[in-house]
Amino acid sequence: DTEVTQTPKHLVMGMTNKKSLKCEQHMGHRAMYWYKQKAKKPPELMFVYSYEKLSINESVPSRFSPECPNSSLLNLHLHALQPEDSALYLCASSQDGAGSTRGYTFGSGTRLTVV
Amino acid sequence: QKEVEQDPGPLSVPEGAIVSLNCTYSNSAFQYFMWYRQYSRKGPELLMYTYSSGNKEDGRFTAQVDKSSKYISLFIRDSQPSDSATYLCAMSGSGAGSYQLTFGKGTKLSVIP
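Described below are features of the structure shown in this document. (Residues numbered from 1 in each chain as written. Chains lettered and ligands numbered in written order. Predicted model: local features only at pLDDT ≥ 70, side-chain atom pairs only at ≥ 80, totals over all residues. Heavy atoms only, no water.)

## A look at the state of the cysteines
Consideration 1: What the rule picks out here adds up to two disulfides over all chains.
Consideration 2: There is a disulfide in this structure between C23 of chain A and C91 of chain A, and the S-S distance comes to 1.9 Å. Residues C23 of chain A and C91 of chain A are joined by a disulfide whose S-S torsion is about -70°; by sign, that bridge is left-handed. Of the two residues, C23 of chain A sits in strand β3 (residues 18-25) while C91 of chain A sits in strand β9 (residues 87-94), which places them 68 residues apart along the sequence. Grouping residues by exposure puts C23 of chain A and C91 of chain A together as buried.
Consideration 3: A sulfur-sulfur distance of 2.0 Å marks the disulfide that ties C23 of chain B to C89 of chain B. (Disulfide = S-S within 2.5 Å. Helix = DSSP H or I, 4+ residues; strand = E, 2+ residues; numbered from the N terminus. Buried < 20%, exposed > 50% of the residue type's maximum accessible area, 1.4 Å probe, protein only.)

The following block contains the structure:
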């Protein structure tokens, strides 16, 4: 299995809703990432988990809350989002907790619309 | 000066043409260089991965890295309509935090049948 699987593929939520994005990989990768990508822009790093511990939080607002229940799963909990948070949310994973981006694999993303 | 510069295009070529995509960078700590292809509304897909300077070839794709000039290129031979996508260069350093990718803005390529 060489894939990163993200669910759901599409999500529409109101500004008062609570929802979660899910990401799963079975490649034995020990680093997992959340990226946000706006239209016609490159992906922007949000969070990095290395060996199931949060190692980087790129000054992301608290309405985004990551969780790594185990080495194969990564969640992003969403609460009280704003319309400007509408974007493609990408999960990625890579070999090693640090040191190499070889085998960095992205999922297909969740397209989030906040209304 | 941005860390990674990439011409966003759009770039339009006829089928069968040779395509040249480029990025320049300013951070001399970058050691790992990647090219990703991203189709509309999909996640980026790794095309080429190169460590340090040199060339790497995979089928119709050739990646070149010139660290002395801080310049990387991706060449696509015999381009096909299915190559129409946005191409993102990305790079990272070594040591702690090296798993963090720095992306270019992406170049949108259209291959016309």
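From this point on, the discussion continues.
## Overview of the pattern of salt bridges
Consideration 1: Summed over all chains, the structure comprises six salt bridges over all chains.
Consideration 2: Notably, a salt bridge pairs D85 of chain A with R63 of chain A, separated by 2.7 Å at the nearest N-O pair. Of this pair, D85 of chain A sits in the loop between β8 (73-79) and β9 while R63 of chain A sits in the loop between β6 (53-57) and β7 (64-70), and the two are 22 residues apart along the sequence.
Consideration 3: Two residues, E57 of chain B and R77 of chain B, come together in a salt bridge whose shortest N-O distance is 3.4 Å. Taken together, the residues E57 of chain B in strand β6 (residues 54-58) and R77 of chain B in the loop between β8 (71-76) and β9 (85-92) connect sequence positions 20 residues apart.
Consideration 4: Given the relative accessible area of 29%, R77 of chain B is considered partly exposed. (Salt bridge = Lys/Arg side-chain N within 4 Å of Asp/Glu carboxyl O.)

## Points about the packing of aromatic side chains
Consideration 1: On inspection of all chains with the given rule, the structure shows 14 aromatic pairs over all chains.
Consideration 2: Put simply, the rings of Y33, Y35, Y104 and F106 of chain A together with Y36 and F103 of chain B pair up and form one aromatic cluster. (Phe/Tyr/Trp six-rings, centres within 6.5 Å; stacked < 30°, edge-to-face > 60°.)

## Comments concerning the pairing of β8 of chain B
Residues and elements named next belong to chain B.
Consideration 1: Examined bridge by bridge, strand β3 (residues 19-25) and β8 share six bridges and lie antiparallel to one another. Across the sheet, C23 pairs through a bridge with I72, a residue of β8.
Consideration 2: Hairpin connection between strand β7 (residues 61-66) and β8: a loop of four residues separates the two successive antiparallel strands, and K70 in this loop has a positive phi of roughly 55°. (Pairing = 2+ DSSP bridges.)

## Digging into the sheet that holds strand β1 (residues 4-7) of chain A
All names here are of chain A.
Consideration 1: An order of β1-β3-β8-β7 is seen for the four strands of this open sheet, with the pairing classed as antiparallel. Two strands lie at the open edges of the sheet, namely β1 and β7, each paired on one side alone. Taking the axes of each pair of neighbouring strands and ignoring which way they run, one obtains an average angle of 20° across the sheet. (Axes fitted to C-alpha atoms, helices over the stretch in contact; angles between N-to-C directions.)

## A short note on unusual backbone geometry
A negative phi holds for most residues other than glycine; trans holds for most peptide bonds.
Consideration 1: Note the cis peptide between T7 of chain A and P8 of chain A, where omega equals -10°.
Consideration 2: Looking at the element boundaries, P8 of chain A is found in the loop between β1 and β2 (10-13).
Consideration 3: For the bond running from G9 of chain B to P10 of chain B, omega is 10°, close enough to zero to count as cis.
Consideration 4: Although it is not a glycine, S59 of chain A sits at a positive phi angle of roughly 55°.
Consideration 5: Looking at the secondary structure, you find S59 of chain A in the loop between β6 and β7.
Consideration 6: One non-glycine residue with positive phi stands out, namely R41 of chain B, at about 65°.
Consideration 7: When you line up the elements, R41 of chain B lands in the loop between β4 (32-38) and β5 (45-51).

## A word on the sheet that holds β3 of chain B
Residue and element names in this part refer to chain B.
Consideration 1: Spatial strand order, β1-β3-β8-β7-β6: five strands in an open sheet with antiparallel pairing. Looking at strand neighbours, the two that pair on one side only are β1 (4-5) and β6, the edges of this open sheet.
Consideration 2: Pairing geometry for β6 and β7, over five bridges, is antiparallel. Bridge pairing in β7 links N55 to Q64.

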